Every structure is written in structure tokens, then in C-alpha cells.
Amino acid sequence: MTKSDIIPAVIAHLRDLLAAGSAAARATTAAATDPDSKAENKYDTRNLEASYLARGQAFRVAETMEALQELESFRPAPFAPGAAISEGALVSLTGTDGTSHYFIAPAAGGTEIFIGETPVIILTPASPLGAKLMRRRTGDQFELQPGRASSSVKITAVQ
């Protein structure tokens, strides 16, 4: 698994989200502006609720488009052995629960993709785990949840 496998998979996932979100936004906008959805009485709020939903979905579509544009232009630099983690790093953490893989990206944080059978979670540097990983190196050990020894992980690979 390499970064060159991950970025196209994230972009494909975002394109799928964008298509589904755009369709949903169009449908809710149509519902909110449909003349047949006028309030039947002063307590009928269907039209108002539909307009709130349409606005939220339009915002989500814009957010997804922005993330897609950022990742399409993102060119992560290769990491030298022993280099500190920064944006563009593919990081493997090993703990008591096994090994997990994370990719530090400028956008699309929280997205989970699969490369073959291996899950990879996208983190941004602003996320709690992303912030903990920044500037650490292969071999560093830290606690995901301070005070809980079982949450100790070791950085086993950075590429």
C-alpha cells in the first residue's frame, strides 16, 4: 500500500459523495420550492423543514467539492527515513489492538477507504489524532487516551 494508491481512492470516494449529495440537494430544493408543499395551516412546517434540509445539503456539496479540489491538486512529498510526520504522510500505528493505517491529508478527514482489504483512515492535521501525530517519527510511542496504558501505540512506519 502506497500513497499513490490512497489519493485516487479518496478522490473516487469524494466523487461518489458529490454525485449522491448533488442529487439529494436537487431533490430537497425541489421539495422546498414545490408549490404543492405550501403550509396547510400555521402549524405545518414541512416547507420550512425542507428548506433547512436543502440548505444543509447544499453546504455539504460545497464542502465536498472543496475537499475534492484540494485532493486533486495535492502532491505529497516523499518522506526520508526518520522524517517527522507532516501532511502527506502515510502512518502505521501498532498497539494492543493491532496495526492501523492513517493518511494525513489537507481535506476529507474522517473518510475511511480500503486498499485491498486494508482500511486507511484519512486525517487532517487539525483533527485530534492528526495533531498528536504531527512532528512525531517512526519509533515514537504515545498514548491515544492519556492515563490509559491500554491506549499506548507505537509509530511503526511513515512513508
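Here the structure is shown first, and the text comes after it.
Counting from 1, residues in each chain are numbered in the order their sequence is written. Two thresholds apply to this predicted model, a pLDDT of at least 70 for residue-level local features and 80 or more for giving and counting side-chain atom pairs, whereas whole-chain, interface and lining totals are computed over all residues. The side-chain values count all of the structure's non-hydrogen atoms but skip hydrogen atoms and water molecules.

A short note on the overall build of the chain
- Secondary structure elements are defined from DSSP: runs of H or I of at least 4 residues count as helices, runs of E of at least 2 residues count as strands, and each element is numbered from the N terminus. A tally of helices and strands in the chain yields 3 helices and 6 strands.
- Reading the chain from its N terminus to its C terminus gives the helix and strand order α-α-β-β-β-β-α-β-β.
- Taken over C-alpha atoms, the radius of gyration comes to 21 Å for the chain, far larger than the 15 Å a tight globule of 159 residues would show.
- Projected onto the principal axes, the alpha-carbon positions of the chain cover approximately 65 × 35 × 25 Å.
- Among the 159 residues that make up the chain, the fraction classed as buried is 33%.
- Contacts: residue pairs with any heavy atoms within 4.5 Å of one another. Once local pairs closer than 6 in sequence are excluded, the contacts in the chain between residues at least 24 apart make up 51%.
- Accessible area for the chain stands at about 9500 Å²; split by element, carbon and sulfur atoms hold 55% of it.
- In the chain, 15 side chains carry a positive charge and 17 a negative one; their mean positions are 6 Å apart. As defined in this context, the radius of gyration uses C-alpha atoms, and a globule is described by 2.2 Å times the residue total to the power 0.38. Buried means the residue's accessible area, taken with a 1.4 Å probe over protein chains only, is under 20% of the maximum for its type, while exposed means over 50%, and partly exposed covers the values in between. Only the protein chains shown count as cover for residues, and the accessible areas themselves come from Shrake-Rupley with a 1.4 Å probe. Charged residues are defined here as Lys and Arg on the positive side and Asp and Glu on the negative side; His and the ends of the chain fall outside this count. Note that the charge is assigned to NZ on lysines, CZ on arginines, CG on aspartates and CD on glutamates.

Some points on the packing of aromatic side chains
- Each Phe, Tyr or Trp ring (for Trp, its six-membered ring) is paired with any other whose centre lies within 6.5 Å, and the angle between the two planes then decides the class: stacked below 30 degrees, edge-to-face above 60, tilted in between. In this structure the tally under the stated criterion is 1 aromatic pair.
- Their ring planes at 70° and their centres at 6.4 Å tell us that Phe74 and Phe103 sit as a pair that is edge-to-face. Highlighted residues: Phe74 in the loop between α2 (46-73) and β1 (90-95) and Phe103 in strand β2 (residues 98-104), separated in sequence by 29 residues.
- Of the residues examined, Phe74 reaches a relative accessible area of 12% and is grouped as buried.
- A cation sits over an aromatic face here: Arg136 above Phe142, 4.4 Å from the ring centre. Distance and angle both matter: a charge sits over a ring if NZ of Lys or CZ of Arg is within 6 Å of the ring centre and within 35 degrees of the ring normal.

Thoughts on the sheet that holds strand β6 (residues 152-158)
- Read from one edge to the other, the open sheet built from 6 strands follows the order β3-β4-β2-β1-β6-β5, with strand pairing classed as mixed. With partners counted over all chains shown, the strands left at the sheet margins are β3 (112-115) and β5 (141-143), one partner each. With direction set aside, neighbouring strand axes in the sheet form an average angle of 35°.
- Examined bridge by bridge, β2 and strand β4 (residues 118-123) share 4 bridges and lie parallel to one another. Pairing of Tyr102 across the sheet is with Ile121, part of β4.
- A fitted line through C-alpha atoms serves as each axis, taken over the contacting stretch for helices, and the angle formed by two N-to-C directions is quoted from 0 to 180°. Sitting on the sheet, helix α1 (residues 3-33) is in contact with β1, β2, β3 and β4, with an inclination near 130° to β3. For two strands to be treated as a pair, DSSP must find no fewer than two bridges joining them.

Some thoughts on the packing of α1 against α2
- For the pair α1 and α2, the least separation of the axes is 8 Å and the interaxial angle reads 160°. Of the possible angle classes, the one that applies to α1 and α2 is roughly antiparallel. For α1 against α2, the interelement crossing comes out left-handed.
- For the contact of α1 with α2, the residue count by class is 19 nonpolar, 8 polar and 2 charged. Throughout this description, any angle smaller than 35 degrees is read as roughly parallel, any larger than 145 degrees as roughly antiparallel, any in the 65 to 115 degree range as roughly perpendicular, and the remainder as oblique. Note on convention: the crossing is left-handed when the near helix lies turned anticlockwise from the far helix by less than a right angle, right-handed when the turn is clockwise. Polar here means any residue outside two lists: the nonpolar Ala, Val, Leu, Ile, Met, Phe, Trp, Tyr, Cys and Pro, and the charged Asp, Glu, Lys and Arg; Gly therefore counts as polar.

Focus on unusual backbone geometry
- One non-glycine residue, Ala108, lies in positive phi territory at about 70°.
- Along the polypeptide, Ala108 turns up in the loop between β2 and β3.
- Taking relative accessible area as the criterion, Ala108 reaches 13% and is therefore assigned buried.
- If you check the backbone angles, Arg135 has positive phi at about 70° while not being a glycine.
- One can find Arg135 in the loop between α3 (128-133) and β5.

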